[in-house]
Amino acid sequence: MKSLPYFCRGEVVRGFGRGSKELGIPTANFPVSVVDHLPADIGTGIYYGWACVGNGDVFKMVMSIGWNPYYKNTKKSMETHVIHTFKEDFYGEILSVVMVGYIRPERSYDSLEALIGAINNDIEEAKLKLELPEHLKLKEDNFFTSVTSLSSAPPPTTASTSQTIMNGH
C-alpha cells in the first residue's frame, strides 16, 4: 500500500453505538467526508498506527475500515480504537491518526465472542508492531502538533472546513 503511512484527521462523530456497549471496545468514528477521501489503495480491513484526541497525548490504535460484515453494515466506516482508557467520551473532538500498517482483511464471524477475540488479537498485534523503530518514530511526527481543532484550522479555500482538516498525506 503505497499510501501508508496515511495521515488524516476529522471530528469524532457518533457511530453505530456498538463499540463500547456490545463489544467492550470503544471506537471513535470519522465522518463520511473523511471515509470518502481515503486513497484508492487503502482498502477495507484492519490497520494499526497512532492516534491523538485534540491536542492530547499520542497513543497506539487499531482501525477498522469497511462495512463490518458481522453487522452487515450498508455504510462504510472508519472506526478507531485508541489503546488507552479515557475518562469520558470525546464526540466533537478532533481525532488525528496516522495509519502505518495493515493487519488483515475484514471478515464476518460466527459469534460475537469470535469477533471480540479477533479484535483483541488485532490490538495485541498492533501493540507489538508499533514498537518497531520505523513505526515508533511516527508517534513524534509534527502532524500531531499541527492542526488540533476546527477553530485553529487554516481558512478554507475551495474545500469545506471539514475537508481542510482531514487529509494530511
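Here the structure is a predicted model, which is why all the values come from computation and not from measurement.

Things to note about the confidence of the model for the protein chain
Phase 1 of the analysis: Taken over all residues, the pLDDT of the protein chain has a mean of 85, while the share at 70 or more is 86%.
Phase 2 of the analysis: Throughout residues 148-169 the model reports pLDDT below 50, and contacts reaching past four residues in sequence, or to other chains, amount to 38 contacts.

Things to note about the layout of surface pockets
Phase 1 of the analysis: Its boundaries defined by the atoms lining it, the largest pocket holds a volume of some 520 Å³.
Phase 2 of the analysis: Along its surface, the largest pocket is lined by 25 residues, and Ser20, Pro26, Thr27, Asp89 and Tyr91 are the ones closest to its centre.
Phase 3 of the analysis: Of all the secondary-structure elements, those providing two or more residues to the lining of the largest pocket are helix H1 (19-23), strand S2 (28-29) and strand S5 (77-82).
Phase 4 of the analysis: When the residues that make up the lining of the largest pocket are grouped by side-chain class, the tally is 8 nonpolar, 10 polar and 7 charged.

Observations concerning the sheet that holds strand S1 (residues 6-11)
Phase 1 of the analysis: The strand order S1-S6-S3-S4-S5-S2 describes an open sheet built from 6 strands, whose pairing is antiparallel. Both outer strands of the open sheet, S1 and S2, are each paired with one neighbouring strand and no more.
Phase 2 of the analysis: As paired strands, strand S3 (residues 45-53) and strand S6 (residues 94-104) are joined by 8 bridges and run antiparallel to one another. Looking across to S6, one finds that isoleucine 46 is bridged to arginine 104.
Phase 3 of the analysis: Where helix H3 (residues 112-129) meets the sheet, its contacts fall on S3, strand S4 (58-66), S5 and S6, and the angle it forms with S6 comes to roughly 95 degrees.

What about the packing of aromatic side chains?
The description of an aromatic ring pair uses the distance of the two centres, along with the angle that the planes make with each other.
Phase 1 of the analysis: Enumeration according to the criterion identifies 5 aromatic pairs in this entry.
Phase 2 of the analysis: With a centroid separation of 5.2 Å and an interplanar angle of 70 degrees, the aromatic rings of tyrosine 47 and tyrosine 102 are classed as edge-to-face. Here tyrosine 102 lies in strand S6 and tyrosine 47 lies in strand S3, a separation of 55 residues in the sequence.
Phase 3 of the analysis: With centroids separated by 5.4 Å and ring planes inclined at 65 degrees, the aromatic side chains of phenylalanine 143 and phenylalanine 144 adopt a geometry described as edge-to-face.
Phase 4 of the analysis: Members of the aromatic cluster, each reached through a chain of ring pairs, are Phe7, Phe143 and Phe144.
Phase 5 of the analysis: Above the plane of the ring of phenylalanine 143 lies arginine 9, whose end atom (NZ or CZ) is 4.0 Å from the centre.

Side note on empty space enclosed by the protein
One water molecule sets the probe size; rolling that probe over the atoms shows where empty space is left.
Phase 1 of the analysis: Scanning all chains against the criterion turns up 1 cavity of 30 Å³ or more.
Phase 2 of the analysis: The computed volume of the largest cavity comes to approximately 360 Å³.
Phase 3 of the analysis: What lines the largest cavity is a set of 22 residues, and nearest its centre among them are Leu23, Ser64, Asn68, Glu79 and Ile119.
Phase 4 of the analysis: Contributing elements (two or more residues each) for the lining of the largest cavity: H1, S4, S5 and H3.
Phase 5 of the analysis: Classifying every residue of the lining of the largest cavity gives 11 nonpolar, 5 polar and 6 charged.

Parameters at a glance
Residues numbered from 1 in each chain as written. Predicted model: local features only at pLDDT ≥ 70, side-chain atom pairs only at ≥ 80, totals over all residues. Heavy atoms only, no water. pLDDT = per-residue confidence, 0-100. Contact = heavy atoms within 4.5 Å. 1 Å grid on protein atoms, 1.4 Å probe; cavity = no way out; pocket = protein on both sides within 12 Å on 5 of 7 lines; lining within 4 Å. Points joined across faces, edges and corners; volume = space filled by probe spheres on them. Helix = DSSP H or I, 4+ residues; strand = E, 2+ residues; numbered from the N terminus. Nonpolar A, V, L, I, M, F, W, Y, C, P; charged D, E, K, R; others polar. Pairing = 2+ DSSP bridges. Axes fitted to C-alpha atoms, helices over the stretch in contact; angles between N-to-C directions. Phe/Tyr/Trp six-rings, centres within 6.5 Å; stacked < 30°, edge-to-face > 60°. Lys NZ or Arg CZ within 6 Å of the ring centre and 35° of its normal.

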